[in-house]
Amino acid sequence: MAGVYLLRFLPAVRYIFLRNSPELVSVSYQIYWFSLGYCISSMFRKKDAATIRSNSNGLVLFKVIFSNFAKLNKSIMNSEIRQLKPQQLWNKFVDLNAIPRASKKEARVVAFIKDFGKNLGLETFEDAVGNVIIKKPATAGMEHKTTVVLQSHLDMVHQKNNDTAFDFDTQGIKMYISGDWVHADGTTLGADNGLGVATILAILESTTIAHPAIEALFTIDEETGMTGAKGLKGGLLEGKILLNLDTEEDDELGVGCAGGIDVTATRTYVEEETPEFKIGFKINVKGLQGGHSGMQIHEGLGNANKLMNRLLFDGFENFGLRISEIDGGSLRNAIPRESKAIVAIDAMHKETFLLEMNAHAEAIKAELKTKEPDLKIVIEACETPKKIMDLGIQEGLTRALYAAQNGVYRMSADIPNLVETSNNIARVVVKNGKIKISCLTRSSVESSKMDLANTLRATFELTGCEVDFSGDYPGWTPNMESPILKIMTQIYTDLTGEEPHVAACHAGLECGILGQHYPDMDMISFGPNIKGAHSPDERAQISSVQKYWKFVLEILKQIPDRN
């Protein structure tokens, strides 16, 4: 009975740790779980207790406790998020984050959104490519206002730390609070663009928020091709103003964005038997921050694929190094955080290899210590690989990767501090006689985008690769005379006492594509502060969400009359 009373205080104790001593989060977890285990040990279902008694080795006891604790922990963690203000928004975000929603795997979240709209009695339908549209009439007294399209994308980037056990296909996101920020537990948070989706859901459900007629547009597959926006047909929407809720700085009004194109280089090679005098090593680059390959491309963050190539570049000449496998990076729109390689070197060079490679690793770490303080480069012996690359192909590959542009290619000559053109060498895979290099090239100038894409094409073709361009999407040209921009600038100034930062961004927003389908629609993008998008460091600022929510409600009140 005493355990039951103690249990009542545990969430409060843990909450105090998280709110006031973020650096003690891990300690609070240990205390919390130890105490909680004692308190609920007598509260398992009878069948669990019987199972535990029937096993003397304790393994099943651990499994039962762990499975029950995991469910309880997620519930407690996310229940704290539900108490944040504005509650209607955060509640919808928690609901959304319970649903796996990877790009190109949105069936479950599409079904959730459709059920949500239908249960509210609102006109709800799915278009030919999987986007969902929900229409809600204006509230009383707002019928004369211009219809507004509220737009966000349903998919999220799936990234996790290397040591985090998590299945994005089956598990919902686990969240916790640290200071003024909501984080995920070792994974991406999904605030990009989940907070936008949650905003729209909260408005659709509300019976007290004043607003004009609303058309809620939930697009799919924004993160890996924008196929939802591309497939949207003209004529489905009647709104003349579109508010895109996918910007990550709360003082910014987005009026333009970069376009992009996927550049993919592939080739095959002949694998050779590894000579007997070779020994194996595994090289692991990890601990990089990663991040958004558009919004953060100018920050000087480490790219795991480029760093791995630096380590391998002179390997054959110095140690007889031959590559067996490389596996680096993940998604095109995420700066790569990790890369692994398996190599074989001449056994006679073992000591020199370890000495020089570790010195090289330390030099790279010192070079990046300010931006990448957690970078680790681990070089350790492993089983000698049975197969290695053809030497000529290896030398061509390492030289092409060294020469290939990564990062900022050109800054805008027209807009101060705006990256115009960039490239992210996102993924490098070498295995089983096949090479695949995946890049995402971005630019706000179409000709510059294709110039860089062709630069990459020429670089990789010189080493015998076939180069494919795909997923091309346009940028969004700024309209500084936008009527909704003027209205929102005044609202922001009235609410905060400061002028907003009106800017174009070096990320891919769907506005450019949507504008092709609806050329007369006046568009703007904004949102709350989100840091570290597309990485496990992603976090959303609680106070900023409150500021943003007030801004949204005031915008809806001041939408102009229909012409």
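Residues numbered from 1 in each chain as written. Predicted model: local features only at pLDDT ≥ 70, side-chain atom pairs only at ≥ 80, totals over all residues. Heavy atoms only, no water.

Chemist: Quick question: what am I supposed to make of the side chain of Gln-159 here?
Modeler: Tracing the backbone shows Gln-159 in the loop between strand 3 (148–153) and strand 4 (175–178). Gln-159 gets classed as buried once you look at its relative accessible area, which sits at 8%. Among the polar contacts made by the side chain of Gln-159, one reaches the side chain of Ser-330 at a distance of 2.5 Å. The residues contacting Gln-159, other than those within four sequence positions of it, are Phe-168, Gly-186, Thr-187, Thr-188, Ser-330, Leu-331, Ala-334, Arg-337, His-534, Ser-535 and Pro-536. (Helix = DSSP H or I, 4+ residues; strand = E, 2+ residues; numbered from the N terminus. Buried < 20%, exposed > 50% of the residue type's maximum accessible area, 1.4 Å probe, protein only. Polar contact = N/O pair within 3.5 Å; in protein donor to acceptor, adjacent residues only side chain to side chain. Contact = heavy atoms within 4.5 Å.)

Chemist: Help me understand unusual backbone geometry, please; the structure alone is not making it clear to me.
Modeler: Phi is mostly negative for residues that are not glycine, and the peptide bonds are mostly trans. The omega torsion across Lys-85 and Pro-86 is 0°, close enough to zero to call that bond cis. Structurally, the position occupied by Pro-86 is in the loop between helix 4 (59–82) and helix 5 (87–97). Here the amide bond leading from Asp-192 into Asn-193 is cis, since omega sits at 5°, within 30 degrees of zero. On the secondary structure map, Asn-193 appears in helix 7 (residues 191–205). The phi angle at Asp-221 is positive, at roughly 55°, despite the residue not being glycine. Here Asp-221 lies in the loop between strand 6 (214–219) and helix 8 (227–231). Residue class for Asp-221 comes out buried when judged on its relative accessible area of 1%. Here Met-226, not a glycine, exhibits a phi torsion of approximately 55°, which is positive. Relative to the helices and strands, Met-226 resides in the loop between strand 6 and helix 8. Judged by its relative accessible area of 2%, Met-226 falls in the buried class.

Chemist: What should I look at first to understand the pattern of salt bridges in this one?
Modeler: Opposite charge on two side chains permits them to pair, given that their charged atoms come into close proximity. Applying the stated criterion to the full structure yields 25 salt bridges. One salt bridge connects Lys-449 with Asp-472, and the closest N-O pair in it is separated by 2.5 Å. On the criterion of sequence distance, the pair formed by Lys-449 in helix 13 (residues 446–461) and Asp-472 in strand 21 (residues 466–473) is long-range, its members being 23 residues apart. For Glu-461, the salt bridge is made with Arg-457, and the minimal N-O distance between the two is 3.0 Å. Here the residue Glu-461 and the residue Arg-457 both occupy positions in helix 13, the gap between them amounting to 4 residues, near one helical turn. Residue classification places Arg-457 among the partly exposed residues on the basis of a relative accessible area of 37%. Through salt bridges with shared partners, a single network forms among Glu-446, Lys-449 and Asp-472. (Salt bridge = Lys/Arg side-chain N within 4 Å of Asp/Glu carboxyl O.)

Chemist: Would you take a moment to explain the packing of aromatic side chains for this structure?
Modeler: Scanning the model with the defined rule gives 8 aromatic pairs in all. A centroid spacing of 5.9 Å and a plane angle of 75° characterise the contact between Trp-90 and Phe-93, whose relative ring orientation is edge-to-face. In this pair, Trp-90 and Phe-93 are both assigned in helix 5, 3 residues apart and thus about one turn of the helix distant. Like Phe-93, Trp-90 is buried. When the centroid spacing of 5.4 Å and the interplanar angle of 70° are considered together, the rings of Phe-526 and Phe-551 count as edge-to-face. Taken together, the positions of Phe-526 in the loop between strand 23 (522–525) and strand 24 (530–531) and Phe-551 in helix 16 (residues 542–557) put the pair 25 residues apart, joining distant regions of the chain. Put simply, the rings of Tyr-492, Phe-526, Tyr-548 and Phe-551 touch in pairs and so form one group of aromatic residues. (Phe/Tyr/Trp six-rings, centres within 6.5 Å; stacked < 30°, edge-to-face > 60°.)

Chemist: Would you take a moment to explain the side chain of His-506 for this structure?
Modeler: With respect to the element layout, His-506 can be found in the loop between strand 22 (501–505) and helix 15 (511–517). Within the structure, His-506 has its side chain in polar contact with the side chain of Ser-422 (distance 2.7 Å).

Chemist: Please explain the confidence of the model for the protein chain as it appears in this structure.
Modeler: Do not read the predicted coordinates in detail wherever pLDDT is low. Residue-level pLDDT values for the protein chain average 89, and 86% of them are 70 or greater. Here residues 38–56 is modelled with pLDDT under 50, and outside its nearest four sequence neighbours on either side it reaches 19 contacts, counting other chains as well. In the model, residues 61–67 has pLDDT below 50 throughout and makes 5 contacts with residues more than four positions away in sequence or in other chains. (pLDDT = per-residue confidence, 0-100.)

Chemist: What exactly am I supposed to notice about the pairing of strand 20 (residues 434–443) here?
Modeler: Remember that side chains alternate between the two faces of the sheet whenever the strand is regular. Here strand 20 lies mainly inside the structure; 8 of its 10 residues are buried. Where strand 9 (residues 259–268) and strand 20 come together, 10 bridges link them in antiparallel fashion. Bridge pairing in strand 20 links Thr-266 to Lys-436. Where strand 19 (residues 419–431) meets strand 20, 10 bridges bridge the pair, whose relative direction is antiparallel. Counted as the bridge partner of Val-429 is Lys-436 from strand 20. If you look at the hairpin formed by strand 19 and strand 20, you'll find 2 residues sitting between the two strands, and Asn-432 has a positive phi there, around 55°. (Pairing = 2+ DSSP bridges.)

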